[in-house]
Amino acid sequence: VTGAVLDLTGRPRLWDDQLLRLWRAAMTRALADVDPSLRAPLGGDRMLREHLACELGVTTDRVVITSGVRSAAVAVVRHASRVLVERPTFLGVPSLLSAAGIQVTSAPWERIGDAEDGAAVWVTVPARNPDGKSPDAALLAVLREMIASGRTVVSNTTYQWFAPQAVPEGVVCVGTLHKLAGPGAQLGWVIDPQGGRDTDEALWFAAPPLHWQRAWGYFIGAGGLTVLRDRHADLATARTAFLAALGFEVAGAGPHVLLRVASSEEDAVAAAAAAAIRVSPGAAFAATEPAIRVCLFGLSPEAARLAASILGEILRMPSTPLDPAAADASAIPG
Ligand SMILES: Cc1ncc(COP(=O)(O)O)c(C=O)c1O
């Protein structure tokens, strides 16, 4: 549509009629089973845990229900003296940990192994936000060593739907339906191989009420998760088309691409907006170099190629030279 803005900031998509029908049916069944005043049992509603365990390929007892990644973050690092968070990353997690009074430091994946004694390590695996990267064999080996030495290693598995990579045995996985179903899903889980009653109790108040969990159980049982996943059927093709059109190596997975810019981030974001494309500044994800982050959710391969042709020029745009006339003018007092 002429004049339409292409929003590549990751705005969540609303549910269509098919999803709404499934949800209404699931919630109706849930409310016939349980009263909304009820809290879920420790660990979560059995039926939901069974469906998720089946989906995630783990045993039911290992799945502890939460309201999402951020609701569980403080509880999973509670035994650590501080937390080393990867950089770049989704800053929602480290800012929340800091706000809870936890000492947070950051390091790129290449230096994760330098974590101080007693620090927990937080990484996003697979298909990290903001750059779509997944760990290579060297990083996986470092994570395994850390686990073997008794350190808590947490993997934020928010993007597991978009890349097949498994995390090393012993990693605490923190999951969410946020990216498939939207922020209102308020449904997540923790899989902690060392967990027990103590972990279940720490996460209990991070969990949604029983009727909400039961509705999600019925919804998933009726195929709702498959419908949600199918909405992203084009994602891998769109990613390939986007990177190839930019002339970049086709790498990474998931919706996010971090693109280095020659100009300032501010100028690149503004130039993209002037070309009717909304993107995010790399600084919003603690990117180490000036960059923009694009989210490819909902893009057809054709739209991805079109976006790449416009953004390609913006990436090469030089940094704004200081205008000597403007500098002179501002030097004149009054
Ligand atoms: C890496 C990452 N983790 C977590 C979230 C949010 O998940 P939740 O709403 O379950 O905290 C997002 C995005 O919103 C994300 O990109």
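Bear in mind that the values here come from a model prediction, so they are computed numbers and not experimental data. (Residues numbered from 1 in each chain as written. Predicted model: local features only at pLDDT ≥ 70, side-chain atom pairs only at ≥ 80, totals over all residues. Heavy atoms only, no water.)

1. Describing the pattern of salt bridges
In step 1: Summed over the entire model, instances satisfying the criterion amount to 15 salt bridges.
In step 2: One salt bridge connects D61 with R46, and the closest N-O pair in it is separated by 3.0 Å. Taken together, the positions of D61 in the loop between α2 (46-56) and β2 (63-66) and R46 in helix α2 put the pair 15 residues apart, joining distant regions of the chain.
In step 3: Look at D61 and you get exposed, because its relative accessible area is 56%.
In step 4: Residue classification places R46 among the partly exposed positions, given a relative accessible area of 40%.
In step 5: Here E116 ties to R82 by a salt bridge, and the two come within 3.1 Å at their closest N and O atoms. Of this pair, E116 sits in the loop between β4 (103-107) and β5 (119-124) while R82 sits in strand β3 (residues 82-86), and the two are 34 residues apart along the sequence.
In step 6: One network of salt bridges, in which partners are shared, links D7, R11 and R278. (Salt bridge = Lys/Arg side-chain N within 4 Å of Asp/Glu carboxyl O. Helix = DSSP H or I, 4+ residues; strand = E, 2+ residues; numbered from the N terminus. Buried < 20%, exposed > 50% of the residue type's maximum accessible area, 1.4 Å probe, protein only.)

2. Side note on the side chain of S67
In step 1: Its place among the elements puts S67 in the loop between β2 and α3 (69-76).
In step 2: Beyond its immediate chain neighbours, meaning those up to four positions away, S67 contacts Q186, L187, G188, A206, A207 and P208. (Contact = heavy atoms within 4.5 Å.)

3. Examining the pairing of strand β8 (residues 188-191)
Taken residue by residue, a regular strand's side chains alternate between the two faces of the sheet.
In step 1: Here β8 shows no split at all, with G188 and V190 on one side and W189 and I191 on the other all buried.
In step 2: Pairing of β2 with β8 involves four bridges; the strand directions are antiparallel. Its bridge partner being in β8, I65 is matched across the sheet by W189.
In step 3: Both strand β7 (residues 172-176) and β8 contribute to a ladder of four bridges, which runs antiparallel. When the sheet's bridge partners are listed, T176 is paired in β8 with G188. (Pairing = 2+ DSSP bridges.)

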